[in-house]
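Structural overview for review
Residue strings, one per chain:
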Amino acid sequence: MVICHFLSLFEVGYINFVVLFCLKMSLASLTRFLRLILTFYSTYSFSSILLSIISAGIFWKSGMSFFVVIFWFKLLSMGFIITYIDQYRKNEYLYYRNLGLSKSALWIFSLVFDFILFVSLLIGVYQLR
Amino acid sequence: MKNTLEVDGVTLSYSGRMILSDIYLKCETGKITGLLGKNGQGKSCLMKMISGISNTGSKSVRFNGRTVFELTGRTDLLVYLPQFNFIPSFLTIERVFRDFCLDISEFKAFFPEVGSNSKMKISEFSGGERRLIELYVIIKSKSQFALLDEPFTHISPMQIERIKKLLILEKENKGFIISDHMFRDILDLSDSIYLLNNGKLHLTESIADLEILGYARF
């Protein structure tokens, strides 16, 4: 329960950060920014969402006792995905760079978005159990 | 408005070998600056350093006399066309033009054979067509300067001629630094030519200089 509360606070914090960030941008550039982040996220979203679903499945079966294992499983698998994209799709970073988005911005925003999906899924599963 | 890009103090060495030594380069709005050099002389390294993609070595980059330390996110100042394909292959031309805030009808008018397939994904185009799309969006992007690294690779001679016309039209709005091994096209286009040779950058006065420096025979 404490973990769920902490994670919810983290989500709220991130959403606040995104809202503040977005307020500084015009609507057109904000739409473009979000579109580009989602485009980048789409390059690895399939494997990442699949991993989140598998994690949620394990969490459903095993409960809170497996939370730490699931958390590290997700974290390590994300590490592999980052390494893969960095190795095989690195040329595409220049597309985003020529549109004003750095590599670190792409990863930070898309990974946090992915993490929120993962956490939301776990919270959903926890409440359903 | 006339903008100026100046790069100086560029120094780069790899395992004891001096690749670039105290380079100075200048480009202005309305000017095309050609960058020539034999293979392995560091043309691409220089472009990467100017664009901020490579942070090795030392350099000073100034826009209108003001030093800019970080070019990430400054697409208003500079865009860069690398040697390799950089547009994600799953995007359509329409989508790419929307991202770069460009009018696709102009592209269709310039290159109807490619532009008419605007709903096709980038991966469905040939290497030359793909290069053409990339080159076009960089040339037309809303930036003060554009660095083009081997822009004519894979592009047919007819299309190169049209690209050259486009560059001459677009140089009214921005400055270009172009590097390519098709030096006759570069000589045709450029207002000034620099030759990179043994780590030094030479501003050439005439074609004869290129011969003297051992780059080409005419």
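Bear in mind that the values here come from a model prediction, so they are computed numbers and not experimental data.

In this section: the overall build of chain A. Of the regular secondary structure elements, chain A holds six helices and zero strands. When its helices and strands are written in sequence order, chain A yields α-α-α-α-α-α. Taken across its 129 residues, chain A has 19% of its residues classed as buried. Taking the intrachain contacts of chain A between residues at least 6 apart in sequence as the baseline, contacts between residues at least 24 apart amount to 76%.

The subject of this paragraph is the overall build of chain B. Each helix and strand in chain B was counted, giving eight helices and ten strands. Taking 218 residues into account, the globule formula puts the C-alpha radius of gyration at 17 Å, and chain B, at 17 Å, falls close to it. C-alpha atoms of chain B, sized along the principal axes, occupy 50 × 40 × 40 Å. Split into buried and exposed, the 218 residues of chain B put 37% on the buried side. Sequence-distant contacts, at least 24 apart, represent 70% of the contacts inside chain B between residues at least 6 apart.

Right, let's get into the sheet that holds strand E6 (residues 78-81) of chain B. All names here are of chain B. One open sheet accounts for six strands, arranged E6-E7-E8-E3-E9-E10; its pairing is mixed. Only two strands of the sheet have a single neighbouring strand rather than two, namely E6 and strand E10 (200-204). Within the sheet, the average angular offset between the axes of one strand and its neighbour, ignoring direction, is 20 degrees. Sheet topology note: the strand E7 (residues 145-149)/strand E8 (residues 175-179) ladder contains five bridges and is parallel. Within E8, the position partnered with Leu148 by the bridge is Ile178.

Time to look at the pairing of E8 of chain B. Regular strands place side chains that alternate from one sheet face to the opposite one. All names here are of chain B. Where burial is concerned, most of E8 is hidden: five out of the five residues are buried. In terms of strand pairing, strand E3 (residues 32-37) meets E8 through four bridges, oriented parallel. In the strand pairing of E8, Gly34 is matched with Ile178. Taking the sense of rotation as the criterion, the β-α-β connection linking E7, helix H6 (residues 157-170) and E8 turns out right-handed.

In this structure, Leu46, Ile133, Ile138, Ala146 and Leu147 of chain B are the most contacted members of the largest nonpolar core, which totals 61 residues. Looking at which element gives the most residues to this core, the answer is helix H5 (residues 127-140) of chain B, with seven residues. Sequence-distant contacts of Ala146 of chain B, that is, excluding residues within four places in its chain, are made with Val79, Leu81, Ile138, Ile139, Ser141, Lys174 and Phe176 of chain B. Ranked by size, the runner-up nonpolar core spans six residues in total, among them Ala56, Phe118, Val119 and Leu122 of chain A.

Turning our eyes to something else, we now look at the interface of chain A and chain B. Counting from both sides, the interface comprises eleven residues of chain A and, opposite them, 15 residues of chain B. For the side of chain A that touches chain B, the elements supplying multiple residues, two or more each, are helix H2 (27-42) and helix H5 (93-97) of chain A. Residue contributions to the side of chain A that touches chain B peak at three residues, all from H5 of chain A. Grouping the constituent residues of the side of chain A that touches chain B by class yields four nonpolar, four polar and three charged.

Chain-level statistics for chain A give a pLDDT mean of 85 and a share of 81% at 70 or above. Ranking the elements of chain A by mean pLDDT puts helix H1 (residues 2-23) of chain A last, at 58, and H5 of chain A first, at 96.

What follows concerns helix H1 (residues 43-51) of chain B. Residues and elements named next belong to chain B. Counting buried positions along H1 yields seven of nine residues, so the element is predominantly enclosed. Listing the buried residues of H1 in full gives Lys43, Leu46, Met47, Lys48, Met49, Ile50 and Ser51. Positive backbone phi, approximately 90 degrees, marks Gly52, located one or two places after H1.

The next thing to look at is the sheet that holds strand E2 (residues 17-28) of chain B. Pairing between the strands of a sheet comes from backbone hydrogen bonds, and it takes one of two forms, parallel or antiparallel. Residue and element names in this part refer to chain B. Reading across the sheet, the four strands line up as E2-E1-E4-E5 and stay open at both edges, with antiparallel pairing between neighbours. The open sheet has two edge strands with one neighbour each: E2 and strand E5 (66-67). Examined bridge by bridge, strand E1 (residues 4-14) and E2 share eight bridges and lie antiparallel to one another. Residue pairing for E2: Val10 is matched across the bridge by Ile23.

On to unusual backbone geometry, then. All names here are of chain B. Of note, Asp22 is a non-glycine position whose phi angle comes to about 50 degrees, a positive value. According to the C-beta neighbour criterion, Asp22 is partly exposed, with 13 such atoms within 10 Å. A positive phi angle is found at Glu150, which is not glycine, with a value near 50 degrees. Structurally, Glu150 can be placed in the loop between E7 and H6. The class of Glu150 is partly exposed, set by 19 C-beta atoms lying within 10 Å.

About the criteria used
Residues numbered from 1 in each chain as written. Chains lettered and ligands numbered in written order. Predicted model: local features only at pLDDT ≥ 70, side-chain atom pairs only at ≥ 80, totals over all residues. Helix = DSSP H or I, 4+ residues; strand = E, 2+ residues; numbered from the N terminus. Buried ≥ 20, exposed ≤ 12 C-beta atoms within 10 Å, placed from the backbone. Contact = placed C-beta atoms within 7 Å. Rg over C-alpha atoms; globule rule 2.2 N^0.38 Å. Pairing = 2+ DSSP bridges. Axes fitted to C-alpha atoms, helices over the stretch in contact; angles between N-to-C directions. Right-handed = clockwise from strand over helix to strand, strands pointing away. Core = buried A, V, L, I, M, F, W, Y, C linked by C-beta atoms within 7 Å. Nonpolar A, V, L, I, M, F, W, Y, C, P; charged D, E, K, R; others polar. pLDDT = per-residue confidence, 0-100.

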